[in-house]
Amino acid sequence: MSQRQVLQVFEQYQKARTQFVQTVAELATRPQNVETLQNAGVMSLLRPLLLDTVPTIQQTAALALGRLANYNDDLAEAVVKADILPQLVYSLAEQNRFYKKAAAFVLRAVAKHSAELAQAVVDCGALDALVISLEEFDPGVKEAAAWALGYIARHNGQLAQAVVDSGAVPLLVLCIQEPEIAVKRIAASTLSDIAKHSPELAQTVVDTGAIAHLAQMTLNPDAKLKRQVFSALGQISKHSVDLAEMVVEAEIFPAVLASLKDPDEYVRKNVTTLMREITKHTPELSQMIVNAGGVAAVIDYLGDSRGNVRLPGIMMLGYVAAHSENLAMAVVVSKGVPQLAICLVEEPEDHIKAATAWAFGQIGRHTPEHARAVAAANVLPKLLNLYLDTQSSEDLQVKAKKALKSVLQKCTYLPALEPLLYEAPSNILKHVICQFSKVLPHDSKARRLFVTSGGLKKVQEIKAEPGSALQEYINAINNCYPEEIVRFFPINTRDKHSRGSDKWQSVIMKYEGSG
Amino acid sequence: SMARLVRLTPQADRVKEAYFTRNRIAEENRQRENSAAVRIQSWIRGCRARAYLSHIHRKATIIQKTWRGFKAREHFRQRVKAAYFLMKMNFYNKMAVKIQQRWRGYYVRKYVHNYYARKRYLEALTQKNEQMRRELEELAEHQRQERQRVAMEREEQEKYVRAQRLHFLLSTKQCPGVFNSPFRPEPDEMELRLRRVKPVRTMSAPKESWPVNPQPSSYLHDKERLPPIHKTPQGPFRPAVEVQQQRYRPLEPSLRVATSITALEEAREELRRQEWRTRLIDHPFLPFSKTPDKKYEPLLHAASPYQQTEYGTKHFREEDRSQLEKKKPFRRVFTTCHVFDKFGRLYSSAGKSV
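Residues numbered from 1 in each chain as written. Chains lettered and ligands numbered in written order. Predicted model: local features only at pLDDT ≥ 70, side-chain atom pairs only at ≥ 80, totals over all residues. Heavy atoms only, no water.

Caption draft 1: Structural detail: a negative patch on the surface. Residue and element names in this part refer to chain A. Together, Asp 242, Glu 245, Glu 249 and Glu 284 make up a region of like negative charge exposed at the surface. In terms of residue count, the dominant contributor to the negative patch is helix α17 (residues 241-249) (three residues). Examined against the element boundaries, Glu 249 turns out to sit in helix α17. A relative accessible area of 58% places Glu 249 in the exposed class. (Patch = residues over 30% accessible without salt bridge, like charges linked within 9 Å, V, L, I, M, F, W, Y side chains within 5 Å. Areas by Shrake-Rupley, 256 points an atom, 1.4 Å probe, with all protein chains shown as cover. Salt bridge = Lys/Arg side-chain N within 4 Å of Asp/Glu carboxyl O. Lys, Arg positive; Asp, Glu negative; His and termini not counted. Charge placed at Lys NZ, Arg CZ, Asp CG, Glu CD. Helix = DSSP H or I, 4+ residues; strand = E, 2+ residues; numbered from the N terminus. Buried < 20%, exposed > 50% of the residue type's maximum accessible area, 1.4 Å probe, protein only.)

This is how it looks when you write it as structure tokens:
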């Protein structure tokens, strides 16, 4: 009898513990409860429950701790300070799979907040335990371990190197080949986080043969998996030409262009990022992508998307056009310039506008044909406005000015240059006048048009220091016209109107008659 | 002669006189005549010398003239040759310039900047872009339709399930159901569904389909639901699963039946193939250095004072040939005995201990 009563006490205690831990775990899912729980001192209560004899209580306590640590970094620091991590790491090696999942969850929740916390996790020797968990049969355990490793490796290069040194990469590549989609996703995301820091780490990832598997998985229909896979491939290929060539040799093009029409936005963004990282290295790689029709696909993508996700597409077009004149012409022929002009107008963010201005500069700087294509899309006034706008950021102004200069130095399309005469500041005006002085001596129709549209008048009104380049250009322009027309416009007087419109008309008729 | 002497002797004085006169006259005129003679002689000599000189001059002129003509013609021939050579070289140069012009034009137009190739490339690129855009559009459309179709099917399935669960809301003749209001011109879609649906056999809606398995459906279909034979249970029966498994137990052939008849040959073939594949070196453990050939030291207890015994090297058993001749040779291969084939696999629990 008394034995039963004694045992009953223990049973009650166990029930109470179970209920407590389950309720805390449930409450921890809602953010508004977490502060209350923290003030109630839940950490110190949960810690001994981790060492409980009943496995269910241990697992639920670990789960509750993980959810709490997930919420914000103070709690994660409290977890670290309470010396819970070594216990978790020890039991990660020993216990059953539910506990392993919960322990890996806690480690991930602690490591995700900052590099110091991740370093603390690494210092407890968590890496070896996690790598051992990667060899487990249960896919849930593998997923949790890979996720924790990914969050650790995310912060900086040393942590990623520590993860690699513990031998995780071959196991991650094996995880990628698992049939469960969740494991594949997480493994791909971890490989991406490892490879993004430095070329050596990316080379380590490539040496284990990851590229072939990642390339196979690009054909998988699952959207989140594709996000991670493309992100991983992009991070690998961004570091050097050899890595980019290896990624290309896996024959992912033109199949990945189909993913540019995926309904998921981030899949499209990551594909475009991958293409940008590949094209930025050499002209041959850009040529390959252009020949596969990639440029058209990216331009359509720019048309369909809005906001920040357009940035990689714009940068890709800029890189392609920067390599050579052929490729820039390919971009122009694929109707890239109107689309980029739309982007320039629509996007409110400064950094996207800066990228678009840079891309225009790269397209238009090669030959007069290219500059004409850029100018004909009515882009130059917009660039000028961006340069002159006081609210644009420094970066945007610098890029707009550079683009404007490089396009103007090759532009011979006069109808587009005329509006710039009126608004441009002197450093831009110099280039505009220079172009006029190059074209006008040879083209009579242009000369006529220049006079009738009032350009000559404007030119006369410009104040230039004698002996400067601007004055030389103005002289060159003036030399194209007979004396009387030039003298018709009084120099440097902006206020006085010209002497009567009749006289002006007669001069024009005479000039048109002789021209 | 005497006559001559007679004639000449009176003239001897005259001759003397004449001789002196002559000498005197000669003496007087000697200077003049001498100088005259000298003059005449010198003139003659001069003339002769002049004639000789002019002769020589003429001859020298002829020689020089001939020589100069010869040299000049030679020189002229040289100049003609040189001019001819220059003319040819100029011609060749001009032609070479023409060839080089053509070649450079061709080369630049073909290899450095091929306008038509570039034009063709840009046109082909445009077409490829068009094709890519079309294909991507089609793909997007296809995927959208796929997704729509899947969504519709799911919706259809959900509605079917809902109708199954609400099958009791079907309207009767007496009482129109919720979805068949008499004020509506025609019954609601749900009402039509309710009319068509078949009610679910169990109380709750089917949650998941059975997992796919390769065995025929009858195997699992009656796994848990054998039809009851008596109302009251008769005794502790085996669970239905076990009985079903026993009823449909697959063939478990013995090892002998399961091995193919040519297993030995196949194994030999496999071994040969493996040897062929893997064995690269025939003598893998050759020593690196030449050890001096050590003399073989035989075993002590196999050596006799006179010679090596045969036992231990040539045969390893004591053989009594006389006894052995009566017996049959030793059998190495037997037929299989099926003692333990069925152990643990019979339906009854005979022979199994706890």
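Caption draft 2: Seen up close, the interface of chain B and chain A. Counting residues at the interface gives 16 residues for chain B and 20 residues for chain A. Roughly 1600 Å² is buried in total at the junction of chain B and chain A, and carbon and sulfur atoms are behind 56% of that figure. The largest share of the area that chain B buries against chain A comes from Arg 118, Arg 133 and Leu 136 of chain B, three residues that together contribute 35% of it. Our count for the chain B to chain A interface comes out at eight residue pairs in polar contact (both at pLDDT 80 or more). Classifying every residue of the side of chain B that touches chain A by side-chain character gives seven nonpolar, three polar and six charged. (Contact = heavy atoms within 4.5 Å. Buried area = accessible area lost by both parts, 1.4 Å probe. Polar contact = N/O pair within 3.5 Å; in protein donor to acceptor, adjacent residues only side chain to side chain. Nonpolar A, V, L, I, M, F, W, Y, C, P; charged D, E, K, R; others polar.)

Caption draft 3: Quick look at the packing of aromatic side chains. Evaluation of the coordinates by the stated rule reveals ten aromatic pairs over all chains. Summarising the aromatic geometry, the rings of Trp 147 of chain A and Tyr 151 of chain A are spaced 6.3 Å apart at their centres and angled 75 degrees between planes, so their arrangement reads as edge-to-face. In this pair, Trp 147 of chain A and Tyr 151 of chain A are both assigned in helix α10 (residues 139-153), four residues apart and thus about one turn of the helix distant. Under the relative-accessibility criterion, Tyr 151 of chain A is labelled buried at 16%. By way of ring pairs, the aromatic residues Trp 103, Tyr 106, Tyr 107 and Tyr 111 of chain B are connected into one cluster. (Phe/Tyr/Trp six-rings, centres within 6.5 Å; stacked < 30°, edge-to-face > 60°.)

Caption draft 4: Expanded view of the side chain of Gln 59 of chain A. As for its placement among the helices and strands, Gln 59 of chain A is situated in helix α4 (residues 55-71). With residues near it in sequence (within four places) discarded, Gln 59 of chain A still touches Asn 96, Phe 98, Tyr 99 and Ala 102 of chain A.

Caption draft 5: Quick peek at unusual backbone geometry. All names here are of chain A. The residue after Phe 253, namely Pro 254, is reached through a cis peptide bond having omega -5 degrees. For Pro 254, the position within the fold is in the loop between α17 and α18 (265-279). Positive phi is not limited to glycine here, since Asp 83 has a value of about 60 degrees. One non-glycine residue, Glu 251, lies in the positive phi region at around 60 degrees. When you line up the elements, Glu 251 lands in the loop between α17 and α18.

Caption draft 6: The arrangement of helix α2 (residues 31-39) of chain A in detail. Residues and elements named next belong to chain A. Restricting attention to buried positions, one finds in α2 the residues Asn 33, Val 34 and Leu 37. Across the axial projection of α2, the buried residues extend over an arc of 110 degrees, all falling on one side. Across from the buried face of α2, at angles greater than 90 degrees, the exposed residues are Gln 32, Glu 35, Thr 36 and Asn 39. Each element contacted by the buried residues of α2 is listed here: α1 (2-27), α3 (42-49), α4 and α5 (73-81). Note on α2: the residue one or two positions beyond its end, Gly 41, has a positive phi of about 80 degrees. (Arc of directions from axis to C-beta.)

Caption draft 7: Inspection of helix α22 (residues 325-333) of chain A at higher detail. Residues and elements named next belong to chain A. Among the residues of α22, Leu 327, Ala 328, Met 329, Ala 330, Val 331 and Val 332 are the ones counted as buried. The opening residue of α22 is Ser 324, an N-cap whose side-chain oxygen sits 3.3 Å from the backbone nitrogen of Asn 326. A positive phi of about 65 degrees marks Lys 335, the residue just after α22.

Caption draft 8: How the structure looks around the pattern of salt bridges. All told, the structure shown has 37 salt bridges over all chains when counted by the stated rule. Between Arg 310 of chain A and Glu 347 of chain A there is a salt bridge whose closest N-O contact spans 2.7 Å. With a gap of 37 residues between them, Arg 310 of chain A in the loop between α20 (294-304) and α21 (311-323) and Glu 347 of chain A in the loop between α23 (336-346) and α24 (350-364) connect regions that are remote in the sequence. According to the relative accessible area criterion, Arg 310 of chain A is buried, its value standing at 1%. Residues joined by salt bridges that share partners form a network here, namely Glu 155, Glu 156, Lys 159, Glu 189 and Arg 193 of chain B.

Caption draft 9: Summary view of the confidence of the model for chain A. Put simply, chain A has an average pLDDT of 89, and 95% of its residues get 70 or more. Taken as a whole, residues 493-500 of chain A scores under 50 in pLDDT and shows nine contacts with residues more than four places along the chain or in a different chain. (pLDDT = per-residue confidence, 0-100.)

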